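Residue strings, one per chain:
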Protein chains: 2
Amino acid sequence: MKLEKISKQISKWFDGRGPHSEIVISSRIRLARNIAGYEFLPRLKPERQAEILEKLKSAILSVNVGEEVFFIDVAASSELEQDLMVERHLISHRHARGKGPRGAVIAGTEAFTAMINEEDHLRLQVFKNGLQLTECLAEINKIDDEIEKQVEYAFSPKYGYFTACPTNLGTGIRVSVMLHLPALKMTGQIEKFFNATSDTDLAVRGLFGEGTEAIGDFFQLSNQITLGVSETEIVEEFTNDIVPRIIDYETLAREELLSSQKAVLDDKIQRAMGLLKSARLISSQEALFLLSNVRLGVNLGRIKDIDISTVNELFMLTQPAHLQINNNKILDSEQRDIVRAEIIRKRLSQK
Amino acid sequence: MKLEKISKQISKWFDGRGPHSEIVISSRIRLARNIAGYEFLPRLKPERQAEILEKLKSAILSVNVGEEVFFIDVAASSELEQDLMVERHLISHRHARGKGPRGAVIAGTEAFTAMINEEDHLRLQVFKNGLQLTECLAEINKIDDEIEKQVEYAFSPKYGYFTACPTNLGTGIRVSVMLHLPALKMTGQIEKFFNATSDTDLAVRGLFGEGTEAIGDFFQLSNQITLGVSETEIVEEFTNDIVPRIIDYETLAREELLSSQKAVLDDKIQRAMGLLKSARLISSQEALFLLSNVRLGVNLGRIKDIDISTVNELFMLTQPAHLQINNNKILDSEQRDIVRAEIIRKRLSQK
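Calculation criteria
- Residues numbered from 1 in each chain as written.
- Chains lettered and ligands numbered in written order.
- Predicted model: local features only at pLDDT ≥ 70, side-chain atom pairs only at ≥ 80, totals over all residues.
- Heavy atoms only, no water.
- Pairing = 2+ DSSP bridges.
- Helix = DSSP H or I, 4+ residues; strand = E, 2+ residues; numbered from the N terminus.
- Axes fitted to C-alpha atoms, helices over the stretch in contact; angles between N-to-C directions.
- Contact = heavy atoms within 4.5 Å.
- Least-squares fit on C-alpha atoms with pLDDT ≥ 70 in both.
- Patch = residues over 30% accessible without salt bridge, like charges linked within 9 Å, V, L, I, M, F, W, Y side chains within 5 Å.
- Areas by Shrake-Rupley, 256 points an atom, 1.4 Å probe, with all protein chains shown as cover.
- Salt bridge = Lys/Arg side-chain N within 4 Å of Asp/Glu carboxyl O.
- Lys, Arg positive; Asp, Glu negative; His and termini not counted.
- Charge placed at Lys NZ, Arg CZ, Asp CG, Glu CD.
- Buried < 20%, exposed > 50% of the residue type's maximum accessible area, 1.4 Å probe, protein only.
- Core = buried A, V, L, I, M, F, W, Y, C linked by side-chain atoms within 4.5 Å.

## Quick word on the sheet that holds strand β5 (residues 122-129) of chain B
Strand pairing in a sheet is mediated by backbone hydrogen bonds. Such pairs are either parallel or antiparallel.
Residue and element names in this part refer to chain B.
At step 1: If you walk across this open sheet you meet the eight strands as β2-β3-β4-β5-β1-β8-β10-β9, and the pairing is antiparallel. Each edge of the open sheet is held by one strand with a lone partner, namely β2 (69-73) and β9 (202-205). If you compare each strand with its neighbour and ignore which way they point, the axes differ by 20° on average.
At step 2: Looking at chain direction, strand β4 (residues 112-116) and β5 are connected through five bridges and run antiparallel. Considered in β5, the bridge of Ala114 is made with Leu124.
At step 3: Taken strand by strand, helix α8 (residues 231-260) contacts β1 (24-33), β8 (173-180), β9 and β10 (218-223), and its axis lies near 10° from that of β8.

## Concerning the relation of the copies chain A and chain B
At step 1: The two copies are related by a screw motion: chain A maps onto chain B through a turn of 180° and a shift of 0.0 Å along the axis, at an RMSD of 0.0 Å. Look at the turn and shift together and you get a two-fold axis relating the two. When C-alpha positions in chain A are compared against the rotation axis, the closest is assigned to Gly274 of chain A, at 2.3 Å.
At step 2: Most of the interface of chain A is mirrored in chain B, where 100% of its interface residues are also at the interface.

## With respect to a negative patch on the surface
Residues and elements named next belong to chain B.
At step 1: Taken together, Asp201, Glu233, Glu236 and Glu237 make up a surface patch of like negative charges.
At step 2: Secondary-structure assignment places Glu233 in helix α8.
At step 3: What makes Glu233 partly exposed here is its relative accessible area of 45%.

## What to know about the nonpolar core
At step 1: In terms of nonpolar packing, the biggest core is built from 175 residues, with Phe112, Ile147 and Phe238 of chain A together with Phe112, Ile147 and Phe238 of chain B touching the most fellow members.
At step 2: Residues in contact with Phe112 of chain A, not counting those within four places in the same chain, are Ile60, Val65, Val69, Val105, Ile106, Ala107, Leu124, Gln125, Val126 and Ile143 of chain A.

## Overview of the pattern of salt bridges
Residue and element names in this part refer to chain A.
At step 1: Counting across every chain of the model gives 40 salt bridges over all chains.
At step 2: A salt bridge links Glu39 to Arg48; the nearest nitrogen and oxygen atoms lie 3.1 Å apart.
At step 3: By relative accessible area, Arg48 is classed as partly exposed at 25%.
At step 4: For Lys149, the salt bridge goes to Glu146, with nearest N and O atoms at 3.1 Å.
At step 5: In this structure Lys149 comes out as exposed when scored by relative accessible area, which is 64%.
At step 6: Three or more residues are tied together by salt bridges with common partners; here these are Arg94, Glu118, Glu119, Asp120 and Arg123.

## Describing helix α3 (residues 79-87) of chain A
Given 3.6 residues per helical turn, the α-helix brings residues three or four places apart onto the same face.
Residues and elements named next belong to chain A.
At step 1: Buried within α3 are the following residues: Gln82, Leu84, Met85, Val86 and Glu87.
At step 2: In this structure, the buried residues of α3 make contact with α1 (3-6), β2 (69-73), α4 (93-96), β3 (103-107), α11 (308-317) and α12 (320-326).
At step 3: His89 sits one or two positions beyond α3 and adopts a positive phi of about 65°.

Right under this line is the structure:
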């Protein structure tokens, strides 16, 4: 498996299916682990960092994750390849531009990825489409246990897993869901979502791009607390309480739009479609906004000749590094806008 | 000929053809006349205003203007019918909502119209497509002479024709051209146009709508001086000097766009087309902007499957009174936006 092959596919967790996928795009669980007897990364000498890389690489490659996995030497990758992996959520930006020996083990379908020598020695991630946190947890625990048979994690019975940053201490778990909330935005009720997530220890970020700002109605919601709460408790709170509440808000807002603002809704959706099919220059930010409206249109049955996986594919393939790797050349900003518009036009005109 | 029939057609002068029609949409000449022995309108008693209406109506109906003409009792027309005539430039808003007996004689192709009891007792107008002021002048002079054989105009050898407002005194002529200057706007050079028209006695207004503001790159340019300059001099200055200069500026700006900003140009044109073909709600102002870009696209050969007369037809038929008369009902603003969007979508999808 090569990155060039991955760059043309749609990640399995991003195929637009799965439970509650009209609103919950995907679920992710991440575990932070460190190896006993080694310094945390900022203080780790290059030779010892290389030792960890080798140790973890061979441990993870020997684990059966149910499908083929492959190793990527992140330090030896080009910036464009690094950016491609970041755009696909396979590695973090910090990992991409980090220092010293580091790498990633990636499953062919991208449902599993391990970052070696990111902020912690090891970060495991499992992704699934829709709302499937319980399934993510079962799977990542199995993988984590298999790895733990081969390496000794830094662990204290009192504090749990030690991590480079104290906010991850304890379970070292980060649970997150990626949400699409266009109707709450359109009806001016997005505050409901922020209120539902503000008094608990939750963080809200964007789904795409570097910053924490949410673009195009996409939100990534994750836990902040890793100490004193079990993994299962966090997953259950997300699955049975927090996420269902947000799903209800968004569903209600969508019903409102359909019943009392149908013309306005259809206008937005069809304009987005019209622009995507006709623009000759399109920025990644505008593409996100327009595709977000189209995604809503498909999910509400207002657009019938396109399916969600096509929309999601366009979200992914029109990102800057994807455009350049799939075109085999460095493109400046205007060239990317031209190529992006071309890809979108072509894809949306196919039936 | 009824207004309902006219309301579905495209005025001959607005068919997008004629000399220099890529830039000069149409030419118009208007003459202001008053009848000797009668007061100007503000001081005219209703009975005498009715006398003038009858006198001028029968005089004009007896003139051979080369095609069938018909009389409309403007005072007896509904507001919607009045607005329809205003939208087609057949009568003025002042005439539509004026007081007392008043009417209009209109040629079937709308190339000629006479307003009786507007600001002056009589205002004659001749319209032609493209740059044809000389032809307009010849035609209106012929009609004016024929009418003068039957009624005595208020005229002084020293001052010329008397008019209700002193700014029309003398020749009583107003010469105007309707211009489409999208490239000057797009390239930020519209000041060139305003400079070319500011130091002379010219007035610039919009082509559509009530106000004087130009919407959607359309400008109406006319003379302000009627005293001390002959009709022929004014027409020649427009035809040989002012208008050719503006045509040169706009042509150059279009060439600039084609040579150095083709992607940006095509993006604007295709986006406009995409929005017009997909929107479900569209205001008359947005329609003007978008149709303006499409008109540029057709004239530059960037859009090939639509012709200018279709674009012009949409300019005219999507105006508020047109929408309502052609749908046989009063429509509120949102209903108009829906119907407007429907008409445009349907028309642009026909091949």
